Structures are given as structure tokens and as C-alpha cells.
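Chain by chain, the residues run as shown.
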Amino acid sequence: MEDLSYIINQLGEERELYYNAIAPPIIQTSNFAFKDFASMRSTFEDEYAGDYIYTKAKNPTVDILRKKLAALQGAEDALITNSGSSAIFCSILANVKAGDHIISVRKPYSWAVNMLEVVLPKFNVTHTYVDGRDINNFITACQPNTTLIYLESPNSFSFELQDLAAVGSFAQSKGITTIIDNSYCTPLFQNPHALGIDLCLHSATKYISGHSDTVAGVITGSKARLKKIFDSELSNSGTSISPFNAWLLLRGLRTLEIRLQRISESTPRVVQFLKNHPLVEKVIFPFDKDFPQYELARQQMTGACGLFTIVLPPVSYQQIEAFALSLQNFLLAVSWGGHESLVMPKAAGIKPENYEIDNPEHRMVRLYIGLEQVEILIKDLDNALSVLQRN
Ligand SMILES: *Cc1c(COP(=O)(O)O)cnc(C)c1O
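All of these numbers come straight from a predicted model, not from anything done at the bench.

J.: Explain the overall build of the protein chain here, please?
T.: When helices and strands are tallied, the protein chain shows 14 helices and 12 strands. Taking 391 residues into account, the globule formula puts the C-alpha radius of gyration at 21 Å, and the protein chain, at 22 Å, falls close to it. On the principal axes, the C-alpha backbone points of the protein chain span a range of 75 × 55 × 40 Å. When burial is assessed residue by residue, the protein chain has 54% of its 391 residues classed as buried. Taking contacts inside the protein chain between residues at least 6 apart in sequence as the whole, the part at least 24 apart equals 72%. Total accessible area on the protein chain is roughly 17,300 Å²; 53% of this is exposed by carbon and sulfur atoms. Averaged over its 34 positive side-chain charges, the protein chain has a centre that lies 1 Å from the centre of its 41 negative ones.

So this is what it looks like as C-alpha cells:
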């Protein structure tokens, strides 16, 4: 990676073009005028490489962000989308045709599941889910018509990893395209391209924004691969980002490193506290020494973020509810990557009558550590766990 400070503070910013303003302008326009016929014609021939025509495809504010995110992820280029889900949609759709087969890790992000199970079957694209912890499962699932492998490492609820170098080299040997959802690691903590993965996507809604105020996505990869997505799926779905939301992401990006630093210090402390707590059955966090894939996590990730899951001991549905609600500093909410700590119990997605006390999955509670003082968060968790004893 180029120097991080340079990428975050300088790369892509041409301040002399806008009055030497330190913060870039929001070029809030839908279209752009050409000075002559010839330049219009040449841009029509190749919009990806050419001048600005129309903001649905390209915009100068968005382009600053593209340069920074491509450099951060060690890729030739980046495309910015209006959600992580549209990054999933465009990158998968661009790489399959009718009759193809996809191998996907088990339990990917929910809208990747919908893509595989609802959207793609309409076009006769089939899939096989595999336990991605073992490379042999990818090899066994491979069919003559397999054209795509979809990864998410770690997964954002149960945190299974895939050996990216192993999957990357297997896929390359078969001419299969690989896509990874790299949202958990951010571009700072994992570089899948260096391990042979073709396309990398993020929900920029999470850490890249960092302020819980923007929904966005990013896809990084080679120019050839991104041009293909740009020329068809991205423009056709019209899911590029607005200049204003791109500007919010640029603002968020300035503090990505220090936010992650803070979270990387506080999260292991909370994890350690919970591991030692008698009312916590298990803690699932990739950088915890007892995590089953700890060695692999250390090998391919340079950091772990503020997201992890605890398994509560056999308690009632009502006790899980009471635990979540007695937390004062963890908001009951989906998503993650912002400044605020969050709690998301698996049980919230299960009807009380379907809750199985003996099923550890039903007792999973995902916690997200925000930027608050760690002592406050630990005290809060301690208080909330004591509710389990009382009920
Ligand atoms: C949130 C999330 C997404 C989807 O991103 P949106 O911006 O919400 O569309 C994809 N993958 C993971 C791992 C996520 O957490």
C-alpha cells in the first residue's frame, strides 16, 4: 500500500482546481458540457476512460474517493455504489451467464443470499454453499460450469474464515473469478487482491463511512474487470453513489485509521472481560487465541475490528431480551462500523415460540464496540449480564 497518510490526505485531491479549498467540493450536477464535438464523440466511445458526461456514471467528487479506496485496497481502480448490497448485485451479475454455477461460502451476508437464492435462479444460475474453512470443500463443489466463487472472510456474525491464498490459487488454476466481501476487515486490515482474489467489495456504510449517516458500497479490482461492471451492470442498475454521499465518505475516511486504532485497542479488552465472565458461555472473535482459526486470522489479517459475538448460557428468550434492553451504551440496532456501540441478538430474528434454549446459535448476541470509553462499556455489560442471574 502507498503511504497511508498520503492516500488519506492527498491522493486524488487537486486543490488548485477549486480555490485551494482543503475540503473538496461537492460537484452537485447531473451532467457535464463538452467544449467541442470531437471530445464528446471520443468520450461516448469509452465513458470509463473518458471525460465526465453524466453523474450516474462518473463524477469528480466520487472520483477522489475512487482513487483513495483503490489505493487503500491495493487495486487498479474502485467503483463506488449506493449500497454494499448493490456492490454485491453488480459484481456477481457481471460475472455470470445463464447455465453457470457459483460456489459460495455458507451464510454470506443476507442480500448475497437473496441474490443466490431468489434473483439468479430466474436466469438459471445455480449455486452450492460450502463450509469455507476447508479448501477441499471448494475443490469438491467445483463443477464444469463453475465460473464464480463468492467469499466473505470473516463472516460478520459467526466469523468463519477462508484461506484466501489457497482459494485464490485454486480459482486461478481453473479460470474461476473470485469475489470477496471484505467489509469486516476494511481495506486496512486485509488485502485479498495480494492473495489472488479478483474482486473485493465492501459495505462502505460500515467503517469507511464510520458515522452511521451514509449507505454506500465499493468494488475494487483490475481496470479490465471494473470497466466491465461500469459499462453494464452499474450503469444499467443506476446504483452509483450521489456526490454528496461520496463527500460524506471522504470525510469519514480521514479518520478511518484512528477509529480502527481505537477500536482495535478497546475490543480485545471487552472480549477478555467477557471470556472471563461466568455468564458468558463463549466469545467468538477472530483475534482471540481460542478462536479455532486464530492462526489463519493472524496470517491473512493485520487487524480485527470491533465486531464479535457472544453465546449466552442456556437462558430464556425473555432473559436475552432483558439483557439487550438493560444495556445503556449499546443501542439495539442492525449494522455496525459507526461511532456508537450496538447489540444485535440472534433471538430478535426468531419468534419466541420457535426459540430453542438448547441451540447455542439462538443464544448468540452480536456486539459492536464503538468509540466510547472502554471502561464504560465493560461496566455496562457487567450490569446487563447480572440481569441474567436475577430473572
Ligand atoms: C452491511 C453489510 C453489507 C451490505 O451493505 P449495505 O451498505 O447495507 O447494502 C454487506 N456485507 C456485509 C458483511 C455487511 O455487514
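Moving on from the model shown.
J.: Is there a simple way to think about the pairing of strand S4 (residues 146-152) in this case?
T.: On any regular strand, side chains alternate: one points to one face of the sheet, the next to the other face. Taking burial as the measure, the seven residues of S4 include six buried ones, the bulk of the element. Looking at chain direction, S4 and strand S5 (residues 177-181) are connected through five bridges and run parallel. Residue Leu148 lies in a different strand from S5, and its bridge partner there is Thr177.

J.: How should the nonpolar core be read in this particular structure?
T.: Inside soluble globular proteins, nonpolar side chains tend to come together where they are buried. Residues Tyr184, Leu274, Phe308, Ile310 and Phe323 are the most contacted members of the largest nonpolar core, which totals 79 residues. The two domains that each donate at least three residues to this core are domain 1 (4-254) and domain 2 (256-390). If sequence neighbours within four positions are ignored, Phe323 has contacts with Ile310, Leu312, Val365, Leu381, Ala384, Leu385, Val387 and Leu388. Ranked by size, the runner-up nonpolar core spans 26 residues in total, among them Cys90, Ile92, Leu116 and Ile229.

J.: Just to check I follow, could you spell out the packing of aromatic side chains for this structure?
T.: In this description, an aromatic ring pair is defined by two values, namely the gap between the centres and the angle between the planes. As enumerated under the stated definition, the model contains eight aromatic pairs in all. Ring centres 6.3 Å apart and planes at 15° place the aromatic pair Phe244 and Trp247 in the stacked group. Residue Phe244 and its partner Trp247 are located together in helix H10 (residues 243-253), separated by three residues, close to a single helical turn. Judged by its relative accessible area of 40%, Phe244 is partly exposed.

J.: Help me understand the environment of Val215, please; the structure alone is not making it clear to me.
T.: Within the secondary structure layout, Val215 lies in the loop between strand S6 (199-203) and strand S7 (217-221). Take Val215: its relative accessible area is 46%, and that puts it in the partly exposed class. It is 6.3 Å that separates the C-alpha atoms of Val215 and Asn82, two residues lying 133 residues apart in sequence. Residues contacting Val215, with those up to four places away along its chain left out, are Asn82, Ser83, Thr205 and Asn245.

J.: Honestly, the sheet that holds strand S1 (residues 77-81) in this entry has me stumped. Any pointers?
T.: Hydrogen bonds between backbone groups are what pair the strands of a sheet, and the pairing can be parallel or antiparallel. Pairing is mixed in the open sheet, where seven strands are placed in the order S1-S7-S6-S5-S4-S2-S3. Two strands bound the open sheet, and with one partner strand each, they are S1 and strand S3 (126-130). Between one strand and the next, the sheet's axes are offset by a mean angle of 20°, whatever the strand orientation. On the sheet, helix H9 (residues 223-237) packs against S1, S5, S6 and S7 and is oriented at approximately 25° with respect to S1.

J.: I would appreciate a short explanation of the site of the ligand in the present structure.
T.: The environment of the ligand is formed by 14 residues, the closest being Gly84, Ser85, Asp181, Thr205 and Lys206. Take Asp181: an N or O atom from its side chain is 2.6 Å from a nitrogen atom of the ligand. Between an oxygen atom of the ligand and a side-chain N or O atom of Ser203, the distance comes to 2.9 Å. The fraction of the free accessible surface of the ligand (380 Å²) that becomes covered by protein chains is 90%. Placement of the ligand is best described as lying within the largest pocket.

J.: Looking at this structure, how should I read empty space enclosed by the protein?
T.: Unfilled space is identified by rolling a water-sized probe across the atoms. What the rule picks out here adds up to one cavity of 30 Å³ or more. Taken as a whole, the largest cavity encloses approximately 80 Å³ of empty space. As for the largest cavity, its lining consists of Thr55, Lys56, Ala57, Lys58, Asn59, Val62, Arg66, Leu79, Ile80, Leu234, Ser240 and Ile241. The class makeup of the residues in the lining of the largest cavity is six nonpolar, three polar and three charged.

J.: I keep staring at the pairing of S6 and nothing clicks. Help me out?
T.: Counted residue by residue, S6 has five buried out of five residues, so it is predominantly covered. Neither face of S6 is open: one carries Leu199, Leu201 and Ser203, the other Cys200 and His202, and all of them are buried.

J.: Please clarify how the environment of Ala57 should be interpreted in this entry.
T.: Within the secondary structure, Ala57 is located in the loop between helix H2 (37-45) and helix H3 (60-72). With 178 residues separating them in the primary sequence, Ala57 and Ser235 have C-alpha atoms 6.2 Å apart. The contacts of Ala57, once residues within four sequence positions are left out, are Glu47 and Phe230.

J.: I tried to follow the pattern of salt bridges on my own but got confused; where do I start?
T.: Pairing is possible between side chains of opposite charge, provided their charged atoms come close. The full count for this structure, using the stated rule, is 16 salt bridges. Note that Arg254 is salt-bridged to Glu13, the shortest N-O span being 2.6 Å. With Arg254 in the loop between H10 and helix H11 (256-275) and Glu13 in the loop between helix H1 (4-9) and H2, this residue pair connects regions lying 241 residues apart in the sequence. Arg254 sits in the partly exposed class, given a relative accessible area of 28%. Residue class for Glu13 comes out buried when judged on its relative accessible area of 10%. Between Asp231 and Lys227 there is a salt bridge, and its shortest N-O distance comes to 2.6 Å. Here the residue Asp231 and the residue Lys227 both occupy positions in helix H9, the gap between them amounting to four residues, near one helical turn. We classify Asp231 as partly exposed; its relative accessible area is 44%.

The rules behind these values
- Residues numbered from 1 in each chain as written.
- Predicted model: local features only at pLDDT ≥ 70, side-chain atom pairs only at ≥ 80, totals over all residues.
- Heavy atoms only, no water.
- Helix = DSSP H or I, 4+ residues; strand = E, 2+ residues; numbered from the N terminus.
- Rg over C-alpha atoms; globule rule 2.2 N^0.38 Å.
- Buried < 20%, exposed > 50% of the residue type's maximum accessible area, 1.4 Å probe, protein only.
- Contact = heavy atoms within 4.5 Å.
- Areas by Shrake-Rupley, 256 points an atom, 1.4 Å probe, with all protein chains shown as cover.
- Lys, Arg positive; Asp, Glu negative; His and termini not counted.
- Charge placed at Lys NZ, Arg CZ, Asp CG, Glu CD.
- Pairing = 2+ DSSP bridges.
- Core = buried A, V, L, I, M, F, W, Y, C linked by side-chain atoms within 4.5 Å.
- Domains from an automatic or database assignment.
- Phe/Tyr/Trp six-rings, centres within 6.5 Å; stacked < 30°, edge-to-face > 60°.
- Axes fitted to C-alpha atoms, helices over the stretch in contact; angles between N-to-C directions.
- Near = heavy atom within 4 Å.
- Polar contact = N/O pair within 3.5 Å; in protein donor to acceptor, adjacent residues only side chain to side chain.
- 1 Å grid on protein atoms, 1.4 Å probe; cavity = no way out; pocket = protein on both sides within 12 Å on 5 of 7 lines; lining within 4 Å.
- Sits in = over half its atoms within 2 Å of the grid points.
- Points joined across faces, edges and corners; volume = space filled by probe spheres on them.
- Nonpolar A, V, L, I, M, F, W, Y, C, P; charged D, E, K, R; others polar.
- Salt bridge = Lys/Arg side-chain N within 4 Å of Asp/Glu carboxyl O.

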